[in-house]
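This is what each chain is made of:
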Amino acid sequence: MRLVVVKDKKEMNAFVGDMIAEVIRAKPEACLGLATGSTPEGVYEYLSELYRSGKLDFSRVSSVNLDEYIGLPKGSPHSYAHYMETKLFGNINIDRNNAYVPCGYGNIREETERFNSILQKKPRDIQLLGVGSNGHIGFNEPSRALHSLAHVVTLKEKTRFDNSRFFGSIDEVPAQAITMGLRGILGAEKVVLAASGRYKKDAIQAMVANDEITTDVPCTFLKMHIDFTLVVDEELAGIRS
Ligand code: GLP
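Below or above, wherever it landed, is the structure these notes cover.

The rules behind the values
Residues numbered from 1 in each chain as written. Predicted model: local features only at pLDDT ≥ 70, side-chain atom pairs only at ≥ 80, totals over all residues. Heavy atoms only, no water. Pairing = 2+ DSSP bridges. Helix = DSSP H or I, 4+ residues; strand = E, 2+ residues; numbered from the N terminus. Near = heavy atom within 4 Å. Polar contact = N/O pair within 3.5 Å; in protein donor to acceptor, adjacent residues only side chain to side chain. Areas by Shrake-Rupley, 256 points an atom, 1.4 Å probe, with all protein chains shown as cover. 1 Å grid on protein atoms, 1.4 Å probe; cavity = no way out; pocket = protein on both sides within 12 Å on 5 of 7 lines; lining within 4 Å. Sits in = over half its atoms within 2 Å of the grid points. Nonpolar A, V, L, I, M, F, W, Y, C, P; charged D, E, K, R; others polar. Points joined across faces, edges and corners; volume = space filled by probe spheres on them. Axes fitted to C-alpha atoms, helices over the stretch in contact; angles between N-to-C directions.

## Some details on the sheet that holds strand 2 (residues 31-34)
Alright, step 1. Taken in spatial order, the seven strands line up as 1-10-9-6-2-3-5 in an open sheet, and their pairing is parallel. Both outer strands of the open sheet, strand 1 (2-6) and strand 5 (99-100), are each paired with one neighbouring strand and no more.

## A closer look at the site of the ligand
Alright, step 1. Surrounding the ligand, one finds 15 residues, the nearest of these being Ser38, Thr39, Asp67, Arg165 and Lys200.
Alright, step 2. Within the side chain of Thr39, a nitrogen or oxygen atom sits 2.4 Å from an oxygen atom of the ligand.
Alright, step 3. Within the side chain of Asn163, an N or O atom sits 3.1 Å from an oxygen atom of the ligand.
Alright, step 4. Here the ligand loses 97% of its free accessible area of 390 Å² to cover by the protein chains.
Alright, step 5. If you map the ligand onto the pockets, it falls in the largest pocket.
Alright, step 6. Taken together, the residues of the shell around the ligand break down into four nonpolar, eight polar and three charged.

## Here's the deal with the layout of surface pockets
Alright, step 1. In this structure, the largest pocket spans a volume of roughly 560 Å³.
Alright, step 2. Together, 34 residues line the largest pocket, and Thr36, Gly37, Ser38, Tyr80 and Phe166 are the ones closest to its centre.
Alright, step 3. Secondary-structure elements contributing two or more residues to the lining of the largest pocket are helix 2 (39-52), strand 4 (67-69), helix 3 (80-87) and helix 5 (157-163).
Alright, step 4. Among the elements that line the lining of the largest pocket, the one with the most residues is helix 3, at five residues.
Alright, step 5. In this structure, the second largest pocket spans a volume of roughly 430 Å³.
Alright, step 6. Around the second largest pocket, the lining is made up of 23 residues, and of these Ala81, His82, Val101, Pro102 and Tyr105 lie nearest the centre.
Alright, step 7. Those elements that place two or more of their residues in the lining of the second largest pocket are strand 4, helix 3, strand 5 and helix 4 (108-121).
Alright, step 8. Per element, the largest residue contribution to the lining of the second largest pocket is three residues, and it comes from helix 3.

## Observations regarding the sheet that holds strand 4
Alright, step 1. Within the open sheet, the three strands sit side by side as 4-8-7. Their pairing is antiparallel. Strands with a single pairing partner mark the edges of an open sheet, and in this sheet they are strand 4 and strand 7 (151-154). Averaged over all pairs of adjacent strands, the angle between strand axes in this sheet comes to 25°, irrespective of strand direction.
Alright, step 2. Note: strand 7 against strand 8 (residues 176-179), four bridges, orientation antiparallel. Residue pairing for strand 8: Val152 is matched across the bridge by Ile178.

Here it is as C-alpha cells:
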C-alpha cells in the first residue's frame, strides 16, 4: 500500500485527479471505475476543469460505477445516476453509451447479471473509491461474509444515517442497493481511495495499523491489492485515537 498524506481537500482532489488523468493520457480508451459520495465531488470538478481547459479528452474513455440505490424513481436527484450526470458526465465529452451506472429500478436480478457481465467485459484501469465510516467500499457493508460478484445489499443503519445528509431524513434513504463486489473492486489495475474527515478514523486505522484483513471492515481487503494508493488529509493522518 502506498500512503499519501495531503494538506487538504484541494490537494487531495488534484492528486487523485492527476492519477486518473495520467491513466487516461497513457491509454485514451481507459476504463475508469467511478465512485460517488462527497469525497469524489472535488475530483470530478478537477477532471471537468482539465477537460474544459483542453488538457484531457474523455471521448474514448469508458466507465463503470460502483453502486446505486434500489427503489428510487427514475431520474431521482438522490440517485447516483443523477449525481454522475451532474458532477461529471455532463461536464466532459464521455460517450454516455460507454458510461455505465447500475440501474436501481425495474428487474434487479437482470440488472445484477448485466452488471456482472459488464465488469467482465470492461476491466478497469483505475478504480476510484471513497470509504464509509464503517469501512464499506462501494456498498460492500461489514458482514460475516463479503461477496465477490455484483449483488444486492441491505444497507446498515449507520450507512443510512451517514447518507441521510443527502436526503430529507433517514426514512427517505433506501434500505437496499446494488453494488460491485470485491472481485470487481480488486480486479482494477490500480486502486485509489481518498478519505478526509475525522469520522473516517476507524476505517483508516484498520487499513494502516496492521496487515489484518477482516470482513468486519471491508476496506481492509484493499491491502491485498498490489497497486493500492490511500490518500488522506493531514487532519485524518494526525489522529491517533
Ligand atoms: C456511499 C457510497 C460509497 C462512498 C461512501 C462515503 O455510501 N456508496 O461508495 O465511499 O458513501 O461517502 P463520502 O465520501 O460522502 O463520505
